[in-house]
Amino acid sequence: MKQRVLGIVAHVDSGKTTLSESMLFEAGTIRKLGRVDRKDAFLDTEELERERGITIFSKQAVFTWQDRRITLLDTPGHVDFSSEMERTLSVLDAAVLVISGTDGVQSHTRTLWKLLERYQLPTFLFINKMDLAGANQQKVLDELSRELSYGCQDFTSDVGSDEWSESLAMCDEALLNSFLEGGCLSDAAITAAISERKVFPCYFGSALKDEGVRELLDGMERYLPQPVTAGRSTEPFSARVFKISRDDDGKRLTWIKLQSGRLRVREAIDIGKEEPEKISQIRIYSGTKYESVPEAEAGTVCAVVGPEQTFAGQGLGALEKQILPVLEPVMTYQVVVPFDCDPFVLLGQLRQLEEEDPMLHVLWNEQLGEIHMQLMGEVQTEVLKHVIWQRFHVEVAFAEGHILYKETIAEPVEGVGHFEPLRHYAEVHLLLEPGERGSGIEIFTDCREDVLDKNWQRLICTHILEQEHPGVLTGSPLTDVRITLLTGRAHLKHTEGGDFRQATYRAIRQGLKKGKSLLLEPWYAYRLDVPTELIGRAMSDIQRMQGEFDSPVTLEDGRMTRIAGRAPVSRMQGYMSEVHAYSRGEGRLFLELSGYEPVPQGNVPQILDEIGYDSEHDLEHPTGSVFCAHGAGFVVPWYEVENYMHLPCREEDADASAPGWEDEEHALAQTRIESGRANQTGNRKNIDSYADDKELEAIFNRTFGEVKRRTGAADSNLGYEKTKSYASKVKRPDSDSYPPKRAKTKEEYLIVDGYNIIFAWDELKAIAADNLDGARDRLNEILCNYQGYRRCHLTVVYDAYKRKQNAGSEQDYHNIHVVFTKEGQTADMYIEEFAHSMGREKQLTVATSDQLEQLTVSSQGALRMSARELHAEIEKVNQVIREEYLNKEFPKGNRIYPFAELALNAEAFLKQPTGEQ
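Residues numbered from 1 in each chain as written. Predicted model: local features only at pLDDT ≥ 70, side-chain atom pairs only at ≥ 80, totals over all residues. Heavy atoms only, no water.

Visitor: How would you explain the overall build of the protein chain if you had to name every residue and give the values?
Guide: Across its full length, the protein chain holds 29 helices and 42 strands. Scored against the burial criterion, the 917 residues of the protein chain give a buried share of 51%. Partitioning the contacts of the protein chain with sequence separation of at least 6, the portion at a separation of at least 24 is 69%. Accessible area of the protein chain: about 43,400 Å², with a carbon and sulfur share of 48%. (Helix = DSSP H or I, 4+ residues; strand = E, 2+ residues; numbered from the N terminus. Buried < 20%, exposed > 50% of the residue type's maximum accessible area, 1.4 Å probe, protein only. Contact = heavy atoms within 4.5 Å. Areas by Shrake-Rupley, 256 points an atom, 1.4 Å probe, with all protein chains shown as cover.)

Quick look at the structure:
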């Protein structure tokens, strides 16, 4: 059977759901006309919809008209639920725009018209409520022609007459040529004009009284073009996801429209992830009821059960392109969580709602411990309260809404991100430049493939676009920025994809911190119609709201005057009610989001104080980088990254190849020496100055070959040439506390989960099988030796929580600290408390292979090291000790002790009198 997907859109209270009822009644799908005011409409399936008398969720119904199966999608009309409506437009073959005969073109009608134009949908108009007093057909038709398009033509009166054909021919050049050649217009010519959105047939009637509905259905069947999905069932499978929901049993439903091919139950489909997902059920809904079918063909709208990782707007199969929404919220609200509710549990539940409506943007504010959501308006908050209670039985509230700001940059800046914990490596340099307003994030590359492989470059570009990057002023999304990849570095062995993700994120954050950021606020494009005698009041109001307006224009009737322009959203909130009040209901205000503009500088400090965002304490979006020295990673704050980076910043006149840095292995080896020396602390002169040690340098030369040194002035503290960065050409932020070049080092702490390490190392595990105390002693000895070289604060923690009446104990074992936990306290609990108490003032590394524990301590700002990595690090330290000391001799008076001899005879040596030692 031929198919068509038809959608109904309208401004709220225009009679859209009533028209849907009449269509279903005319087609024989329902036997009785339902009414919204009687709460028995076929498509108002939710209790909340019946209570409020508005459509909140898009609904599907199926009926047959003239041997064609029509899938009808009824969409919300209220502006607060526009995102639900917009997602539905992506799967329609045609649309019916409902206009109130008494109200004409309203504020949301213009927004709908632009969306229909964006999705290039053939559109029919149904002018409803023509049975009410005050409804004037010619007046409405003139307004539609003036406000929307001249192509809005009457298809109910004198259809086919010369006057009607002549008026229709003026809408399109092709129609005019056809009319001049034949003196009439064929259905095929009219269909082509409708398909190209040159003609928009208008039908008048009353949906409540079932007047004009049959004519509308006949007209669509006669003039609408065949859907693009017709005859494509033999092609490869492709589909568009437009909605995610859950049924009464909690099953996840993915609503799709098949664009081509067929879909069968138990078939696995490609959803863009590593593994395809299997379809377990295909449902064709009509109202609240559905029919399970074994397969669906092109043109079918259905809900499938099975996929768990799909999202609204996604393309499946051969249809890969994702559709991004035009409408977006401009308000953000805090969710007030009840005292008896765990906010993290509620956060997970709200993520389900975010799946169903991605525009909610559920955010967790780590600093404030609050949940925030981005919403369209007050009505949506009331609906969400009801939905959360109904779905999760949690009674939440919403705090007062705030404007949803965005951030951009004022001038170019180069950002550097480095990520190098043990056995990971990536460095990224990005140039951030101001973009045009409304351009979003644009990415470019200026990096040669011989410097960084093309696959890595593509991965960096993917990471730039895969998420919204928060700004550093308020944590608001970053926008209107051109990001250019300048250079980067990977390691042949240790670099993984996730390393470049971290380096890319940190490069953007470091650039934002180093540069000058601008705070942006949303602006409305408005059009205000008021009686002519009130135009002075209206202009005064716009000036007071710091808005802009063009010269007033007197409308055709002479009674009304129009002004149009732009104004900040924050100032125009609630102004629509004010217009209705002072114009006594005659004034009309049309609003639509026109973009973002900079906040006046005088208002910025107050906004920053109200939001209270601190980029330095945003653990999910760090501004610093991670470097490595002596087998351990350490965090470098954003203002010191350029002192440690492994690649020079871009210079306008820089030579393509810096002398002495042609070989990446040479560069990496030399930089590790220098960055390690800059970070290492302690009183051992051999270690503090080992980059200049001839013996160690010889070891590196034997391993990697001779390392060429760059010529030119060198920093006596850091040991490598200072490079003049591109960022130095732009103005740094004015700050008395801008840090010096020399980096401050943090005290290093290493805490080891004792039993976790013992049972992860084969050597210790074998000892523990016979003697657990012996395994503990052996681990302590190994760690003592390791600490003697590293000079860090080392603590090893052993579980003793099962021992009854155990108060725990702490003691020093030579140069390390040993802790036995008390009854009821695990080693994990002790380590978590320790990590929390350390804060970010100290550099803490936790050695454990417990993944949950690793995740917990990393959220506290600690670095993590697995048991395998610790073992490799200790072996590496032992090797360095042998190479540095075994061949050295230590004078003592007139005697010389070879270190190797002392080591081999340690027991006898230590038995000598103290003086001899």
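Visitor: Talk me through the environment of Pro276; I want residue IDs and the actual numbers.
Guide: By the element assignment, Pro276 lies in the loop between strand S11 (268–269) and strand S12 (277–278). Taking relative accessible area as the criterion, Pro276 reaches 47% and is therefore assigned partly exposed. Sequence spacing of Pro276 and Pro307 is 31 residues, and the spatial spacing of their C-alpha atoms is 8.7 Å.

Visitor: For the packing of aromatic side chains, give the residues involved together with the corresponding values.
Guide: Taken as a whole and judged by the stated rule, the model has 18 aromatic pairs. For the pair Trp456 and Phe500, a centre-to-centre distance of 5.0 Å together with 35° between the ring planes defines the contact as tilted. Of the two residues, Trp456 is situated in helix H12 (residues 454–465) and Phe500 in helix H13 (residues 497–514); the sequence distance between them amounts to 44 residues. Overall, the relative accessible area of 24% leaves Trp456 in the partly exposed class. According to the relative accessible area criterion, Phe500 is buried, its value standing at 0%. Measuring from centroid to centroid gives 5.3 Å for Tyr798 and Phe820, while their planes differ by 25°, and the two rings are stacked. Here Phe820 lies in strand S38 (residues 816–820) and Tyr798 lies in strand S36 (residues 793–798), a separation of 22 residues in the sequence. Among the aromatic residues, those joined into a cluster by ring pairs are Phe124, Phe155, Trp164, Tyr203 and Tyr223. (Phe/Tyr/Trp six-rings, centres within 6.5 Å; stacked < 30°, edge-to-face > 60°.)

Visitor: So what's going on with unusual backbone geometry? Which residues, and what values?
Guide: For Lys129, which is not glycine, the phi dihedral falls at a positive 60°. By the element assignment, Lys129 lies in the loop between strand S5 (123–128) and helix H5 (137–147). For Lys129, a relative accessible area of 23% corresponds to the partly exposed category. Here the phi dihedral of Arg423 falls at roughly 65°; this positive angle occurs in a residue that is not glycine. Residue position: Arg423 is located in the loop between strand S24 (413–419) and strand S25 (426–434).

Visitor: Help me get a handle on the sheet that holds strand S8 (residues 238–246), residues and values and all.
Guide: Ordered by their spatial adjacency, six strands build an open sheet running S14-S13-S16-S9-S8-S17, and the pairing between neighbours is antiparallel. The sheet is open, and its two edges are formed by strand S14 (289–292) and strand S17 (315–317), each paired on a single side. Strand-to-strand twist across the sheet, computed as the mean angle between neighbouring axes with direction ignored, equals 40°. Pairing of S8 with S17 involves three bridges; the strand directions are antiparallel. Directly across from Ala239, in S17, lies its bridge partner Leu316. (Pairing = 2+ DSSP bridges. Axes fitted to C-alpha atoms, helices over the stretch in contact; angles between N-to-C directions.)

Visitor: Give a detailed account of the pattern of salt bridges, specifying residues and quantitative values.
Guide: Inspection of the entire model under this criterion finds 47 salt bridges. For Glu748, the salt bridge identified is with Arg790, shortest N-O distance 2.3 Å. Highlighted residues: Glu748 in strand S35 (residues 748–753) and Arg790 in helix H24 (residues 772–790), separated in sequence by 42 residues. With respect to class, Glu748 is no different from Arg790; both count as buried. Beyond isolated ion pairs, a larger network of salt bridges with shared partners links Arg110, Arg146, Glu147, Arg527, Asp529 and Arg562. (Salt bridge = Lys/Arg side-chain N within 4 Å of Asp/Glu carboxyl O.)

Visitor: So what about the sheet that holds S38? Which residues, and what values?
Guide: The strand order S37-S38-S36-S35-S39-S40 describes an open sheet built from six strands, whose pairing is mixed. The strands lining the two open edges of the sheet, one partner per strand, are strand S37 (809–813) and strand S40 (863–865). Averaged over neighbouring strand pairs, the angle between their axes works out to 20° when direction is ignored. Strand direction decides the pairing type here: S35 and S36, joined by five bridges, are parallel. Considered in S36, the bridge of Leu750 is made with Leu794. Packed onto the sheet, helix H25 (residues 827–838) meets S35, S36, S37, S38 and strand S39 (843–847) and runs at close to 165° relative to S35.

Visitor: Describe a positive patch on the surface, and please don't skip the residues or the numbers.
Guide: Together, Arg423, Lys493, Arg868 and Lys876 make up a positively charged patch on the protein surface. A relative accessible area of 34% places Arg423 in the partly exposed class. (Patch = residues over 30% accessible without salt bridge, like charges linked within 9 Å, V, L, I, M, F, W, Y side chains within 5 Å. Lys, Arg positive; Asp, Glu negative; His and termini not counted. Charge placed at Lys NZ, Arg CZ, Asp CG, Glu CD.)

Visitor: An account of the pairing of S38 is requested, with residue identities and associated values reported.
Guide: As paired elements, S36 and S38 share four bridges and run parallel to each other. For Val797, the partnering residue across the bridge sits in S38 and is Val819. With five bridges joining them, S37 and S38 adopt antiparallel strand pairing. Each residue of the ladder has a partner; that of Glu810, found in S38, is Val819. Hairpin connection of S37 to S38: two residues between the antiparallel strands, including His814 at a positive phi of 55°.

Visitor: Go over the side chain of Ser476 with me, naming the residues and quoting the values.
Guide: Mapped onto the secondary structure, Ser476 falls in the loop between H12 and strand S27 (481–490). Every residue in contact with Ser476, bar those within four places of it in the chain, is listed here: Tyr405, Lys406, Glu407, His469, Pro470 and Gly471.

Visitor: Would you mind going over helix H4 (residues 107–118) in detail, with residue names and values included?
Guide: Residues spaced three or four apart along an α-helix face the same direction, because each turn holds 3.6 residues. In this model H4 runs 18 Å from its N-terminal to its C-terminal C-alpha over twelve residues, within 8% of the 16 Å that 1.5 Å per residue would give. Taken as a whole, H4 has its buried residues at Ser107, His108, Thr109, Thr111, Leu112, Trp113, Leu115 and Leu116. Immediately beyond the C-terminal end of H4, within one or two residues, lies Gln120, with a positive phi of roughly 50°. (Expected span 1.5 Å × (residues − 1).)

Visitor: Now, about the packing of helix H1 (residues 16–27) against helix H9 (residues 213–223): what can you tell me, with residues and values included?
Guide: Closest axis-to-axis distance for the H1/H9 pair is 9 Å, and the angle between their directions is 75°. If you check the angle between H1 and H9, you find them roughly perpendicular. Between H1 and H9, the contacting residues are Leu19, Ser22, Met23 and Glu26 on the first element and Val213, Arg214, Leu216, Leu217 and Met220 on the second. Residue composition of the contact of H1 with H9, by class: six nonpolar, one polar and two charged. (Parallel < 35°, antiparallel > 145°, perpendicular 65-115°, else oblique. Nonpolar A, V, L, I, M, F, W, Y, C, P; charged D, E, K, R; others polar.)

Visitor: So, the nonpolar core: which residues are in play, and what are the values?
Guide: Leu346, Leu350, Met373, Leu528 and Met572 are the most contacted members of the largest nonpolar core, which totals 50 residues. Ignoring sequence-local partners within four residues, the contact set of Leu346 consists of Val335, Val337, Cys341, Ile371, Ile388, Val394 and Val396. (Core = buried A, V, L, I, M, F, W, Y, C linked by side-chain atoms within 4.5 Å.)

Visitor: Run through the pairing of strand S9 (residues 252–260), naming residues and quoting values.
Guide: The element S9 is largely enclosed, with a buried count of nine among its nine residues. Judged from the eight bridges that link them, S8 and S9 form a sheet pairing that is antiparallel. Within S9, the residue paired with Ile244 across the bridge is Thr254. Counting the residues that bridge the hairpin from S8 to S9 gives five residues, and of these Gly250 lies at a positive phi of roughly 85°. As judged from the five bridges shared by S9 and strand S16 (residues 301–305), these two strands associate in the antiparallel manner. Looking at S16, one finds that Lys257 is bridged to Val301.

Visitor: For H24, give the residues involved together with the corresponding values.
Guide: A rise of 1.5 Å per residue sets the reference length of H24, with its 19 residues, at 27 Å; its end C-alpha atoms lie 27 Å apart and thus fit the reference within 8%. Those residues of H24 that fall on the buried side of the exposure criterion are Ala775, Arg776, Leu779, Asn780, Ile782, Leu783, Cys784, Tyr786, Gln787, Tyr789 and Arg790. Where H24 starts, the residue carrying a side-chain oxygen 3.0 Å from the main-chain nitrogen of Asp773 turns out to be Asn771. (Polar contact = N/O pair within 3.5 Å; in protein donor to acceptor, adjacent residues only side chain to side chain.)

Visitor: Which residues make up the confidence of the model for the protein chain, and what are the values?
Guide: The share of residues in the protein chain with pLDDT of 70 or more is 84%, and the mean pLDDT across the chain is 81. Per-element confidence in the protein chain is highest for S24, whose mean pLDDT is 95, and lowest for helix H20 (residues 685–688), whose mean pLDDT is 34. Every residue in residues 652–693 is under pLDDT 50, and counting partners more than four places away or in other chains gives 85 contacts. In the predicted structure, residues 707–744 sits below a pLDDT of 50 and forms 75 contacts with residues beyond four places in sequence or in another chain. (pLDDT = per-residue confidence, 0-100.)

Visitor: Account for a negative patch on the surface, with residues named and values stated.
Guide: Among the surface-exposed residues, Asp158, Asp162, Glu163 and Glu166 lie close enough to one another that they form a single negatively charged patch. Mapped onto the elements, Glu163 comes out in helix H6 (residues 162–169).

Visitor: How would you sum up the environment of Tyr285? Please name residues and give values.
Guide: Examined against the element boundaries, Tyr285 turns out to sit in strand S13 (residues 281–286). On the basis of relative accessibility, which here comes to 9%, the residue Tyr285 falls in the buried class. Between the alpha carbons of Tyr285 and Val301 there is a distance of 8.7 Å; along the sequence they are 16 residues apart. Setting aside anything within four residues of it in sequence, one finds Tyr285 in contact with Gln60, Ala61, Val62, Asp247, Leu253, Trp255, Tyr290 and Ala303. Polar contacts involving the side chain of Tyr285 include one to the side chain of Arg283, which spans 2.9 Å.

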